[in-house]
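Residue-level structure breakdown
Read off the chains here:
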Protein chains: 2
Amino acid sequence: MTVGAKETTIYDIAAKLDISAATVSRALKDHPRVNKNTKKLIVKTAAEMGYLSNSFASNLRKKSSNIIGLIVPRLNSNFMSDVIAGIEKVLNNNNYNVFISQSLETMTKEISNANDMLVNRVDGLMVSLAYDTTNINHFEPFVKRNIPVIFFDRVFEQDDYPQIYIDNFKAAYEITAHLIKQGSKRIVHITASQLRNVYSDRLAGYKKALEDNNLKFEEALVIINNLSSEAGHEAANQILKMAPLPDAVFSANDICAVSCMQTLKKNGIRLPDDLLFAGFNNDPLTCVIEPNLTTINYKGYEMGEVAAKQMISRLMNKDEFQPAHNLILKYELIVRESSLRNK
Amino acid sequence: MTVGAKETTIYDIAAKLDISAATVSRALKDHPRVNKNTKKLIVKTAAEMGYLSNSFASNLRKKSSNIIGLIVPRLNSNFMSDVIAGIEKVLNNNNYNVFISQSLETMTKEISNANDMLVNRVDGLMVSLAYDTTNINHFEPFVKRNIPVIFFDRVFEQDDYPQIYIDNFKAAYEITAHLIKQGSKRIVHITASQLRNVYSDRLAGYKKALEDNNLKFEEALVIINNLSSEAGHEAANQILKMAPLPDAVFSANDICAVSCMQTLKKNGIRLPDDLLFAGFNNDPLTCVIEPNLTTINYKGYEMGEVAAKQMISRLMNKDEFQPAHNLILKYELIVRESSLRNK
DNA sequence: TAAATTTGCGCAATCGATTGTATTATTTTA
DNA sequence: TAAAATAATACAATCGATTGCGCAAATTTA
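Residues numbered from 1 in each chain as written. Chains lettered and ligands numbered in written order. Predicted model: local features only at pLDDT ≥ 70, side-chain atom pairs only at ≥ 80, totals over all residues. Heavy atoms only, no water.

Focus: the overall build of chain A
- If you tally the helices and strands in chain A, you get twelve helices and twelve strands.
- A compact globule built from 343 residues would reach a C-alpha radius of gyration of about 20 Å, whereas chain A, at 26 Å, exceeds it by more than 25%.
- Each principal axis of the C-alpha atoms in chain A carries an extent, and together these give about 90 × 40 × 35 Å.
- Looking at the 343 residues of chain A, the share that counts as buried comes to 54%.
- Considering only contacts in chain A between residues 6 or more positions apart, those separated by 24 or more positions represent 74%.
- Surface summary for chain A: the accessible area is close to 15,300 Å², and the carbon and sulfur share equals 51%.
- The averaged location of the 38 negative side-chain charges in chain A is 6 Å from the averaged location of its 40 positive side-chain charges. (Helix = DSSP H or I, 4+ residues; strand = E, 2+ residues; numbered from the N terminus. Rg over C-alpha atoms; globule rule 2.2 N^0.38 Å. Buried < 20%, exposed > 50% of the residue type's maximum accessible area, 1.4 Å probe, protein only. Contact = heavy atoms within 4.5 Å. Areas by Shrake-Rupley, 256 points an atom, 1.4 Å probe, with all protein chains shown as cover. Lys, Arg positive; Asp, Glu negative; His and termini not counted. Charge placed at Lys NZ, Arg CZ, Asp CG, Glu CD.)

So, in structure tokens, the structure goes:
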């Protein structure tokens, strides 16, 4: 095929072999009602002619694209990259392709991405929500069209959609209890938009741990920001102004925790002597900062696999009703020097 | 529209308004030859009926998808995430969507991804190559079909494709010269697959800087690995065995540099006193490791924008021949404590 | 050997939007 | 007011693959 030449179609193959296009079509998808030898000949000829199936035509006729949409807040984390790798593996094995987009943490772009997915007729949609998403009306057109929508990690508090996540409440409870056991009594909690389960659940777990250990919850010890590196520096400045100083910090992600630690250190605070620290996510940064950061680890790859398998299962059984059950994955608390009180 | 109901088509709209589907089609895309009032009525009715354009049919007829494929080695870096954000912004503004996939640094998956892109009939393809890609035959089907292919960052040494990258030779030269100026004479260079321009150019720049400063190039000082965190630890062990010890290390990426520094520090090497260090990419890690790491910074977002604009330009002028010229972007050397000899 | 199955293949409709080419209605020009 | 020009709309083919149905040939069964 030379530049600009016309694409080969099943009709061209049919004409060349003097058979019908229907047979060519069936042969190429290994339909049982086509003779083996005919199949071989057709496949061989198709290859020779540089045939490439036209997915537009096929999709149009079949009313399905074999594409799954994926909307995530950002791509730049090991966690997300792992999730995606897990999703891709499972979906590719099941003959689906993945259409990825990032919302950049804004509902506006999330809506726009969802619409793109709709126009491009994805067969299913997998979503991890942006910070400021207040409602999920933009996913209703999918439900109306019977296109499965699955949430993972950053889910929405609603029973209509299947969801995959970890027990953020329990993880935060454990990490807070750990800090308390190390002798902390005034624990700052840095977190983000309470619209997102991952952050509201962690705050709730933190509160419950305080309560169970007879510590009073203080609103003033909760800092809400966007958990960015810059926010961490600012949080440090807020902490420095607290009187008396707190004796521990539990940040809802590692990036923010690390930059917060850096600024505190620059201001003469000794870690972990003056202040214990804990983060969340087990980012590579945690093993670089000194002292190494205590954190919660959970496997993105596995979460991706589980979510994708759930999707496949729903696509395979589109006819029958599937209750939207939730899957809760494991995590582990990793204790490092940052949260160990020197005795 | 209720679950399972049939999708509204332009024929449904046409029937309801007792006009032809052709007019509906033209009205919906704001064709000048349709009366303004008719347009309004059609748009309104379409909205009321919950009409959603069928992209399969449209693409089939128009022979284009308005989708650009994007293949990158991995998604989990700030750099790549920025590149993608830049690409998305430009392409979305021009009514294109982006189909993203990661090769996970293997040629096998890169080929598989390319085929998926081909089957899904992308209108253009943007690629940053995997470590072990030895040839780019898998992109020829695109060229044959007159589908633009553009390489960025990890490009291929061949003039047939437009390429966007930074001057890796010069950057490496500068960083090496900087280390030499600080008094280094035996500089280790850690790098990856020499198949990739980014690494071979950096090695060449390193060599040239040595030469220009009358330092002999020593094969034994070059470590080739996959630049992962683990590889950094191993590199440190190799370095520890060198006798005499080198007096500086220039790593072709930051992640590897940082883990290498960590292991060296654990083994009693003082940084930067015993050994100067420099990395590449300006990863967030560079500001966390102690001492902070000297590195090369270049903006991914800008690279994405430039590459995408190049793509748009080629798509706009598909008829006319476009010479495959290369675009070389700016970078900056960021000097931090890791490469400053204490006097 | 006749009847019943099974195998192999073709016909033709279908999936929806697009668009070149009419055709009709309206406006402008002479 | 008739002719010319323009605006607005309709007709019908087209893009390629899929698939229900029908038919003939080959094979199996009775």
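Further notes follow.
Observations concerning the protein's contact with DNA strand D
- Close contacts around DNA strand D come from 28 residues, with Ile10, Tyr51 and Arg61 of chain A together with Ser20 and Lys63 of chain B the closest.
- Among the atoms of DNA strand D lying within 4 Å of the protein, the sugar-phosphate backbone contributes 55%.
- Note that a phosphate oxygen of DNA strand D is positioned 3.4 Å from one of the backbone N or O atoms of Asn54 of chain A.
- If you list the elements that add at least two residues to the surface near DNA strand D, you get α1 (10-17), α2 (21-28) and α4 (55-62) of chain A together with α2 (21-28) and α4 (55-62) of chain B.
- Considering every element that reaches the surface near DNA strand D, the biggest residue donor is α4 of chain A, with five residues.
- Residue composition of the surface near DNA strand D, grouped by class: ten nonpolar, nine polar and nine charged. (Near = heavy atom within 4 Å. Polar contact = N/O pair within 3.5 Å; in protein donor to acceptor, adjacent residues only side chain to side chain. Nonpolar A, V, L, I, M, F, W, Y, C, P; charged D, E, K, R; others polar.)

Overview of the nonpolar core
- Judged by nonpolar contacts, the single largest core of 149 residues is most densely connected at Phe152 and Phe277 of chain A together with Phe152 and Phe277 of chain B.
- Dropping the residues within four chain positions of it, Phe152 of chain A is found in contact with Leu70, Val72, Met80, Val83, Ile87, Met126, Val127, Ser128, Ile164, Met303 and Ala307 of chain A.
- Core analysis: the second largest hydrophobic core is formed by 42 residues, Leu52, Ile136 and Val155 of chain A together with Val127 of chain B among them. (Core = buried A, V, L, I, M, F, W, Y, C linked by side-chain atoms within 4.5 Å.)

As for the UniProt feature "domain: HTH lacI-type" (unreviewed entry) in chain A
- Residues annotated by UniProt as "domain: HTH lacI-type" (unreviewed entry) correspond here to residues 8-62 of chain A.
- Here residues 8-62 of chain A runs as 67% helix and 0% strand, with 20 Å between its end C-alpha atoms. (UniProt positions renumbered as here; feature names shortened; annotations may be inferred.)

Thoughts on the pattern of salt bridges
- With the rule as written, the count across this model stands at 24 salt bridges over all chains.
- Of the charged contacts in the structure, one is a salt bridge between Glu7 of chain B and Arg121 of chain A, with a shortest N-O distance of 4.0 Å. One end of the pair, Glu7 of chain B, is in the segment before α1 (10-17); the other, Arg121 of chain A, is in the loop between α6 (107-119) and β3 (124-127), on a second chain.
- Take Glu7 of chain B: its relative accessible area is 19%, and that puts it in the buried class. (Salt bridge = Lys/Arg side-chain N within 4 Å of Asp/Glu carboxyl O.)

Considerations on the packing of α2 of chain A against helix α3 (residues 36-48) of chain A
All names here are of chain A.
- Contact geometry for α2 and α3: axes closest at 9 Å, N-to-C directions at 90°. In terms of orientation, α2 lies roughly perpendicular with respect to α3. Touching Thr23, Val24, Ala27 and Leu28 of α2 are Thr38, Lys39, Ile42, Val43 and Ala46, all from α3.
- For the contact of α2 with α3, the per-class residue count stands at six nonpolar, two polar and one charged. (Axes fitted to C-alpha atoms, helices over the stretch in contact; angles between N-to-C directions. Parallel < 35°, antiparallel > 145°, perpendicular 65-115°, else oblique.)

Topic: the protein's contact with DNA strand C
- Near DNA strand C there are 27 residues, and of these Thr23 and Lys63 of chain A together with Ile10, Tyr51 and Arg61 of chain B occur at the shortest range.
- Close to the protein, within 4 Å, the atoms of DNA strand C belong to sugar or phosphate groups at a rate of 53%.
- At 3.0 Å from a base oxygen of DNA strand C is found a side-chain nitrogen or oxygen belonging to Arg26 of chain A.
- A distance of 2.8 Å separates a base nitrogen of DNA strand C from a polar side-chain atom of Tyr11 of chain B.
- For the surface near DNA strand C, the secondary-structure elements that each account for two or more residues are α2 and α4 of chain A together with α1, α2 and α4 of chain B.
- Per-element accounting of the surface near DNA strand C gives the leading share, five residues, to α4 of chain B.
- Classifying every residue of the surface near DNA strand C gives ten nonpolar, nine polar and eight charged.

Observations concerning the domain arrangement of chain A
- Annotation of chain A at the domain level lists domain 1 (10-53), domain 2 (65-166 + 300-331) and domain 3 (168-298 + 333-339).
- A C-alpha centroid distance of 63 Å is found between domain 1 of chain A and domain 3 of chain A. (Domains from an automatic or database assignment.)

Notes on the relation of the copies chain B and chain A
- Once chain B is rotated about the relating axis by 180° and shifted along it by 0.0 Å, it coincides with chain A to within an RMSD of 0.0 Å. On this basis, the relationship between the two copies can be described by a two-fold rotation axis.
- When the interface residues of chain B are mapped onto chain A, 100% of them again fall at the interface, so both copies present the same face. (Least-squares fit on C-alpha atoms with pLDDT ≥ 70 in both.)

Overview of the pairing of strand β4 (residues 149-152) of chain A
All names here are of chain A.
- Burial along β4 is two-sided: Val149 and Phe151 facing one way and Ile150 and Phe152 facing the other are all buried.
- Sheet analysis places β3 next to β4, joined by three bridges and oriented parallel. Residue pairing across strands places Leu125 opposite Val149, the latter belonging to β4. (Pairing = 2+ DSSP bridges.)

Regarding the packing of aromatic side chains
- Evaluated as defined, the whole model comprises 17 aromatic pairs over all chains.
- When the centroid spacing of 6.5 Å and the interplanar angle of 45° are considered together, the rings of Phe139 of chain A and Phe142 of chain A count as tilted.
- With a relative accessible area of 0%, Phe139 of chain A lands in the buried category.
- Taking NZ or CZ as reference, Lys207 of chain B lies 4.6 Å from the ring centre of Phe217 of chain B, over its face. (Phe/Tyr/Trp six-rings, centres within 6.5 Å; stacked < 30°, edge-to-face > 60°. Lys NZ or Arg CZ within 6 Å of the ring centre and 35° of its normal.)

Some words on α3 of chain A
Residue and element names in this part refer to chain A.
- The end-to-end C-alpha distance of α3 is 18 Å, a good match for the 18 Å that 13 residues give at a rise of 1.5 Å each.
- Within the sequence span of α3, burial applies to Lys39, Ile42, Thr45 and Ala46. The arc enclosing the buried residues of α3, seen along the axis, measures out at 140°, which places them on a common side. The exposed residues of α3 that point more than 90 degrees off its buried face are Lys36, Asn37, Lys40, Ala47 and Glu48.
- In this structure, the buried side of α3 is in contact with α1 and α2. (Expected span 1.5 Å × (residues − 1). Arc of directions from axis to C-beta.)

Comments concerning unusual backbone geometry
- The peptide bond linking Glu290 of chain A to Pro291 of chain A adopts the cis configuration, its omega dihedral lying at 0°.
- Mapping Pro291 of chain A onto the fold places it in the loop between β9 (276-278) and β10 (295-297).
- Cis geometry is found at the peptide bond from Leu271 of chain B to Pro272 of chain B, where omega equals 5°.
- Turning to its location among the elements, Pro272 of chain B is positioned in the loop between α11 (254-266) and β9 (276-278).
- Despite not being glycine, Asn214 of chain A shows a phi value in the positive range, around 60°.
- Unlike most non-glycine residues, Glu105 of chain B shows phi in positive territory, near 65°.

Quick look at the interface of chain B and chain A
- Each side of the interface is counted separately: chain B has 52 residues, and chain A has 52 residues.
- A salt bridge links Lys265 of chain A to Glu290 of chain B; the nearest nitrogen and oxygen atoms lie 2.8 Å apart.
- Looking at the side of chain B that touches chain A residue by residue, the class counts come to 22 nonpolar, 20 polar and ten charged.

Considering the sheet that holds strand β1 (residues 67-72) of chain A
Residues and elements named next belong to chain A.
- Spatial strand order, β2-β1-β3-β4-β5-β11: six strands in an open sheet with parallel pairing. With partners counted over all chains shown, the strands left at the sheet margins are β2 (97-102) and β11 (326-329), one partner each. Each adjacent strand pair in this sheet contributes to an overall mean axis angle of 15°, direction not counted.
- Examined bridge by bridge, strand β5 (residues 163-166) and β11 share four bridges and lie parallel to one another. Bridge pairing in β11 links Ile166 to Leu329.

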